[in-house]
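Residues per chain are reported as follows:
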Amino acid sequence: MDLMDADIVPWCCNSWLVVGALVLAAIVGFLFMRCRNKKFHLDTSTHQQNVVYLFQFPRCTLGPNPSPFCIKLEIFLRVNEIEHTVCGSRKTGPRGKLPFIAYNGEVISDSDNIVKFLIREFNLSLDEWLGTQQRATGHVVQRMLEENTYWTGVHYRWVQTSDRLPYVFSNQPSLLQKLFFRYVLAGRVSKSLYAQGTGRHTVAEIADITQQDLRSVAGILGKKEFLLGDRITSYDCAAFGMLSVALWEAPGSVHESLMNTELQTLRDYCQRIRDRWMSDWDELAVKT
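These lines cover the structure that appears in this document, whether it is placed above or below. Sequence order as written defines residue numbering, which begins from 1 separately in each chain. Where totals are concerned, whole chains, interfaces and linings use all residues; where local detail is concerned, this predicted model gives features only for residues with pLDDT of at least 70, and gives and counts side-chain atom pairs only at 80 or more. Only hydrogens and water are set aside when side-chain values are computed; all heavy atoms of the structure are taken into account.

Overview of the packing of helix α2 (residues 68-79) against helix α4 (residues 132-160)
Right, on to step 1. With their axes 12 Å apart at the nearest point, α2 and α4 run at an angle of 150 degrees to one another. If you check the angle between α2 and α4, you find them roughly antiparallel. Contacts from P68, F69 and K72 of α2 reach α4 at Q142, E146 and Y150.
Right, on to step 2. Charged means Asp, Glu, Lys or Arg here, nonpolar means Ala, Val, Leu, Ile, Met, Phe, Trp, Tyr, Cys or Pro, and polar covers whatever is left, Gly included. The residue makeup of the contact of α2 with α4, split by class, is three nonpolar, one polar and two charged. Think of each axis as a best-fit line through the C-alpha atoms, taken over the contacting stretch in the case of a helix, with angles from 0 to 180 degrees between the N-to-C directions. Going along the chain from the N terminus, every DSSP run of H or I of four or more residues is numbered as a helix, and every run of E of two or more is numbered as a strand. Put simply, angles under 35 degrees are roughly parallel, angles over 145 are roughly antiparallel, angles from 65 to 115 are roughly perpendicular, and the rest are oblique. Residues are treated as being in contact if the distance between any of their heavy atoms lies within 4.5 Å.

Okay, here's the thing in structure tokens:
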């Protein structure tokens, strides 16, 4: 065997290894989506009565959860001192999404629907003191963050820094996990971003959208302790979910940079909520 043959053998082996891993990742992706599309069923026979079971993505490496909607619900449950159990799950709810909850045999999907259900079921009064204008302001801020700013964060994580995706749930991801996240999931999310509209913008345009949104939230917050006054509301839980993930789980993003420089009031706002209701943030993060 000459030198050229000696060089080709390991190259060919590595190439076939990558091809095999890609094929395996594609198969796993197909099975993953097939499972997601199956009719939803949840066995609640072992659940305790009057306990909320919050099903959300497994814990991640940078904080409690990679999803702002999951953090929104977990902080809401903590703020209102509702007895609950957090269940890390890759199985989605009736609408094909996470999070969802189970309570006394009833399953509820969509974070907004869940908040409304909990307010009604537990007769919660955290929003009762709000006037019409305050409710309108809170609603507009929440909708902007969840329906617009959210997608700028998704673009950063799934397009601009897709190589980091495998490290969201593990500090030592396998080759299969790396290929699955980057070439299966990231591709699907990229298509969703394009269909939603954010994916049609340039990176610079998305940064500008992010800046406008966060500056608007900072302007509404002003010098208040919480968004709408000196008491926390359900709108703060939603805002904390969005802002905390952008601040502490998206290193290098425009979001993080702004909140650590020009918009430090938003950083301090997140820190206040974290210190009071989620002081175990770092302990909840995955260490392996």
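Structure's up, so let's keep going.
Some remarks on the pattern of salt bridges
Right, on to step 1. Here, a salt bridge means any Lys or Arg side-chain nitrogen found within 4 Å of an Asp or Glu carboxyl oxygen. Counting across every chain of the model gives eleven salt bridges.
Right, on to step 2. As a salt-bridge pair, D280 and R78 come within 2.8 Å of each other at their nearest N and O atoms. With D280 in the loop between α9 (264-277) and α10 (281-284) and R78 in helix α2, this pair connects stretches of sequence that are 202 residues apart.
Right, on to step 3. For D280, a relative accessible area of 24% corresponds to the partly exposed category.
Right, on to step 4. The partner of E249 in a salt bridge is R157, and the shortest N-O contact between them spans 3.8 Å. Placement of E249 in the loop between α7 (234-248) and α8 (254-260) and of R157 in helix α4 is noted, with a sequence separation of 92 residues between them.
Right, on to step 5. In this scheme, a residue with accessible area under 20% of its type's maximum is buried, one over 50% is exposed, and one in between is partly exposed, where area comes from a 1.4 Å probe on protein chains only. According to the relative accessible area criterion, E249 is buried, its value standing at 5%.
Right, on to step 6. On the accessibility criterion, R157 (18% relative accessible area) is buried.
Right, on to step 7. Connected through shared salt-bridge partners, R59, E74, R78 and D280 make up one network.

Details of the packing of aromatic side chains
Pairs of aromatic rings are described using the distance from one ring centre to the other and the angle between the two planes.
Right, on to step 1. Here a Phe, Tyr or Trp ring, Trp counted by its six-membered ring, pairs with any other such ring whose centre lies within 6.5 Å, and the pair is stacked when the planes are under 30 degrees apart, edge-to-face when over 60, and tilted otherwise. Inspection of the entire model under this criterion finds eleven aromatic pairs.
Right, on to step 2. The interplanar angle of 70 degrees and the centroid separation of 6.1 Å between the aromatic rings of Y103 and F117 together place this pair among those described as edge-to-face. With Y103 in strand β3 (residues 100-103) and F117 in helix α3 (residues 111-121), this residue pair connects regions lying 14 residues apart in the sequence.
Right, on to step 3. A relative accessible area of 7% means that Y103 is categorised as buried.
Right, on to step 4. Residue class for F117 comes out buried when judged on its relative accessible area of 5%.
Right, on to step 5. Measuring from ring centre to ring centre gives 5.2 Å for Y150 and W151, while their planes differ by 70 degrees; the resulting arrangement is edge-to-face.
Right, on to step 6. Following the ring pairs from residue to residue traces out a cluster consisting of F40, F55 and F100.

Re the sheet that holds strand β1 (residues 52-56)
Right, on to step 1. Taken in spatial order, the four strands of this open sheet run β2-β1-β3-β4, and their pairing is mixed. Whereas interior strands pair on both sides, the edge strands pair on one side only; in this sheet they are β2 (84-88) and β4 (106-109). On average, adjacent strands in this sheet sit at an angle of 20 degrees to one another, irrespective of strand direction.
Right, on to step 2. Along the sheet face, α2 touches β1 and β2 and points at about 160 degrees away from the line of β1.
Right, on to step 3. Contacting β1, β3 and β4, α3 runs over the sheet at an angle of about 130 degrees to β4. Here, strands pair whenever DSSP counts at least two bridges between them.

Description of the side chain of S109
Right, on to step 1. By the element assignment, S109 lies in strand β4.
Right, on to step 2. Residues within four places of S109 in sequence aside, it is in contact with G93, P94, R95, F100 and I114.

Let's talk about α2
Right, on to step 1. Helix span, expected: 1.5 Å multiplied by one less than the number of residues in the helix. With twelve residues, α2 extends 16 Å between its outermost C-alpha atoms, agreeing within 8% with the 16 Å of an ideal straight helix rising 1.5 Å per residue.
Right, on to step 2. With respect to burial, α2 is a largely interior element, eleven of its twelve residues being buried.
Right, on to step 3. Every buried residue of α2 is listed here: P68, F69, C70, I71, K72, L73, E74, I75, F76, L77 and V79.
Right, on to step 4. Phi turns positive, to about 50 degrees, at E81, one or two residues after α2.

Observations regarding the packing of α4 against α7
Right, on to step 1. Viewed as axis vectors pointing N to C, α4 and α7 meet at an angle of 20 degrees, and their least axial separation amounts to 9 Å. Relative to α7, the element α4 lies roughly parallel. As for how α4 packs across α7, the hand of that crossing is left-handed. Across the interface between the two elements, R135, G138, H139, Q142, L145, E146, Y150 and R157 of α4 pack against Y235, A238, A239, M242, L243 and V245 of α7.
Right, on to step 2. Taken together, the residues that form the contact of α4 with α7 break down as eight nonpolar, three polar and three charged. A clockwise turn of the near helix away from the far one marks a right-handed crossing, whereas an anticlockwise turn of less than a right angle marks a left-handed crossing.

Re helix α6 (residues 203-221)
Right, on to step 1. Its 19 residues give α6 an end-to-end C-alpha distance of 27 Å, which sits within 8% of 27 Å, the value for a rise of 1.5 Å per residue.
Right, on to step 2. Residues I206, A207, T210, D213, L214, V217, A218 and L221 constitute the buried set of α6. All buried residues of α6 project into a common sector of 135 degrees when viewed along the axis, lining one side. Exposed residues pointing more than 90 degrees away from the buried face of α6 are listed as A204 and G219.
Right, on to step 3. Looking at the buried residues of α6, the elements they touch are α4, α7, α8 and α9. Directions drawn from the helix axis to the C-beta atoms are what define this arc.

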